[in-house]
Amino acid sequence: MSHFSTLRTKITDAEILKSSLRDLGITVKTEADVRGYNGQRVRSDIVAVLEGEYDLGWSRNADGSFDLIADLWGVAKKHNQTELINSINQKYAVNKTLAEVKRPGLQNANVKLVVQK
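Residues numbered from 1 in each chain as written. Predicted model: local features only at pLDDT ≥ 70, side-chain atom pairs only at ≥ 80, totals over all residues. Heavy atoms only, no water.

As annotated in an unreviewed UniProt entry, the protein is DUF1257 domain-containing protein from Thermocoleostomius sinensis A174.

Structure below.
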């Protein structure tokens, strides 16, 4: 029986996800296995290699969005999973926003970005 959970996300940009994970000091692998309970593994497009024996993974859906795949029980043994996932989502949102405002046509826009904790 698999311990892996799959959660729908709003993440759509693989490069921004990878750079966001690196910004947080997390090692990133692509086309790799997500480690779970008792040596179980599941293949994922992007893997955040965490301290301990468990990882977070993201797999692309047909619509271009990514699902988060993880053994959440195992991740919670060593990490505050809510804080970890929230920090990844927040860093992704900031990096995605910054990338969007650099797009052509927005160079002269006055953008104020407020990040709250």
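From this point on, the discussion continues.
Caption draft 1: How the structure looks around the overall build of the protein. Within the protein one finds three helices and five strands. Seen in sequence order, the protein has helices and strands lined up from the N terminus as β-α-β-β-β-β-α-α. Looking at the 117 residues of the protein, the share that counts as buried comes to 36%. Here the contacts in the protein between residues at least 6 apart in sequence split such that 49% fall between residues at least 24 apart. Surface summary for the protein: the accessible area is close to 7500 Å², and the carbon and sulfur share equals 48%. (Helix = DSSP H or I, 4+ residues; strand = E, 2+ residues; numbered from the N terminus. Buried < 20%, exposed > 50% of the residue type's maximum accessible area, 1.4 Å probe, protein only. Contact = heavy atoms within 4.5 Å. Areas by Shrake-Rupley, 256 points an atom, 1.4 Å probe, with all protein chains shown as cover.)

Caption draft 2: Structural view of the nonpolar core. Grouped together as the largest cluster of nonpolar side chains are 22 residues, with contacts concentrated most on Leu17, Leu21, Ile46, Leu56, Trp58 and Ile88. For this core, the elements supplying multiple residues, two or more each, are helix H1 (14–23), strand E3 (41–49), strand E4 (56–60), strand E5 (66–70), helix H2 (72–78) and helix H3 (81–101). When residues no more than four places from it in sequence are discounted, the contact partners of Leu21 are Ile26, Val28, Ile46, Ala48, Trp58 and Ile88. Ranked by size, the runner-up nonpolar core spans five residues in total, among them Phe4, Ala32, Val47 and Ile69. (Core = buried A, V, L, I, M, F, W, Y, C linked by side-chain atoms within 4.5 Å.)

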